[in-house]
Amino acid sequence: MELPQNVQHQLAQFQQVQQQAQAISMQKQSVDLQLKETKKAVEELNKVEENADVYKTAGTLLIKVKKEDMTKELEDKIETLELREKTVQRQEERIMKRLQEMQSSIQEAMKGTGIQ
């Protein structure tokens with residue numbers, strides 16, 4: 001038995017939204033990883049003496065920087081990543097809600113055709 005055109009269209013849209021959800025999930029994982037790494041860097045930097053040599057990468061180079069400058073830069077990065085994390089979390093919640101709504105709609109449409 002062939003699915004009605006509207007159900008086929010809903011299924012295609014559902015698959016697209018699933019792909020979007022997967023992309024958002026990957027973004028979230030990336031942001032989480034960056035955040036953990038940056039927090040760990042700040043933690044390690046705090047263990048270093050004030051006058052110790054600190055370097056940061058710039059492409060393939062290592063550049064000597066002041067500890068307080070590096071600490072400030074990393075703390076700013078943490079703040080930015082935390083905002084990004086919240087944004088991605090909200091996107092993920094919205095898309096998961098949309099997926100649930102679409103799934104319910106598809107199930108209702110399938111019942112109407114006698115297919116389950």
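Residues numbered from 1 in each chain as written. Predicted model: local features only at pLDDT ≥ 70, side-chain atom pairs only at ≥ 80, totals over all residues. Heavy atoms only, no water.

In the annotation of an unreviewed UniProt entry, the chain is listed under the name Prefoldin subunit beta and assigned to Methanobacterium veterum. Listed in UniProt under the heading Subunit (unreviewed entry), the comment for the chain reads: "Heterohexamer of two alpha and four beta subunits." The record in UniProt for the chain states the following under Subcellular location (unreviewed entry): "Cytoplasm". (UniProt positions renumbered as here; feature names shortened; annotations may be inferred.)

### Some points on the nonpolar core
Within the largest apolar cluster, 12 residues are counted, these being Val7, Phe14, Val17, Ala21, Ile24, Val88, Ile95, Leu99, Met102, Ile106, Ala109 and Met110. Sort the elements by how many residues they give to this core and helix H2 (residues 67–113) lands first, with seven residues. Residue contacts for Ala21: discarding those within four places in its chain leaves Ile95, Met96 and Leu99. Core analysis: the next-biggest nonpolar cluster, separate from the first, contains nine residues, Leu35, Val54, Leu74 and Leu81 among them. (Core = buried A, V, L, I, M, F, W, Y, C linked by side-chain atoms within 4.5 Å. Buried < 20%, exposed > 50% of the residue type's maximum accessible area, 1.4 Å probe, protein only. Helix = DSSP H or I, 4+ residues; strand = E, 2+ residues; numbered from the N terminus. Contact = heavy atoms within 4.5 Å.)

### Quick notes on the UniProt feature "coiled-coil region" (unreviewed entry) in the chain
Mapped onto this structure's residue numbering, the UniProt feature "coiled-coil region" (unreviewed entry) falls at residues 28–94. For the annotated span residues 28–94, helix accounts for 72% and strand for 15% of the residues, and the straight-line distance between the end C-alpha atoms is 14 Å.

### Some thoughts on helix H1 (residues 5–47)
Taking 1.5 Å of rise per residue, the 43 residues of H1 would be expected to cover 63 Å, and the 64 Å separating its terminal C-alpha atoms lies within 8% of that figure. Against strand S1 (54–58) and H2 lie the buried residues of H1. (Expected span 1.5 Å × (residues − 1).)

### Concerning the pattern of salt bridges
In total, this model carries 10 salt bridges according to the counting rule given. A salt bridge links Glu73 to Lys56, with the nearest nitrogen and oxygen atoms 3.0 Å apart. You can see Glu73 sitting in helix H2 and its partner Lys56 sitting in strand S1, a full 17 residues away along the chain. The exposure class of Glu73 is partly exposed, given its relative accessible area of 39%. Asp76 is paired through a salt bridge with Lys72; the nearest N and O atoms lie 2.9 Å apart. Here the residue Asp76 and the residue Lys72 both occupy positions in helix H2, the gap between them amounting to four residues, near one helical turn. What emerges from the salt-bridge pattern is a single network uniting Lys40, Glu43, Glu44 and Lys47. (Salt bridge = Lys/Arg side-chain N within 4 Å of Asp/Glu carboxyl O.)

### Overview of the side chain of Glu92
The residue Glu92 is located in helix H2 in this model. Glu92 gets classed as buried once you look at its relative accessible area, which sits at 18%. Leave out the neighbours within four places in its chain, and Glu92 touches Ile24, Ser25 and Lys28.

### A word on the pairing of S1
Bridge count for S1 against strand S2 (residues 61–65) is five bridges, and the pairing is antiparallel. From the neighbouring strand, Ala58 faces S2, where its bridge partner is Leu61. Between the end of S1 and the start of S2, which pair antiparallel, lie two residues, with Gly59 showing a positive phi angle near 70 degrees. (Pairing = 2+ DSSP bridges.)

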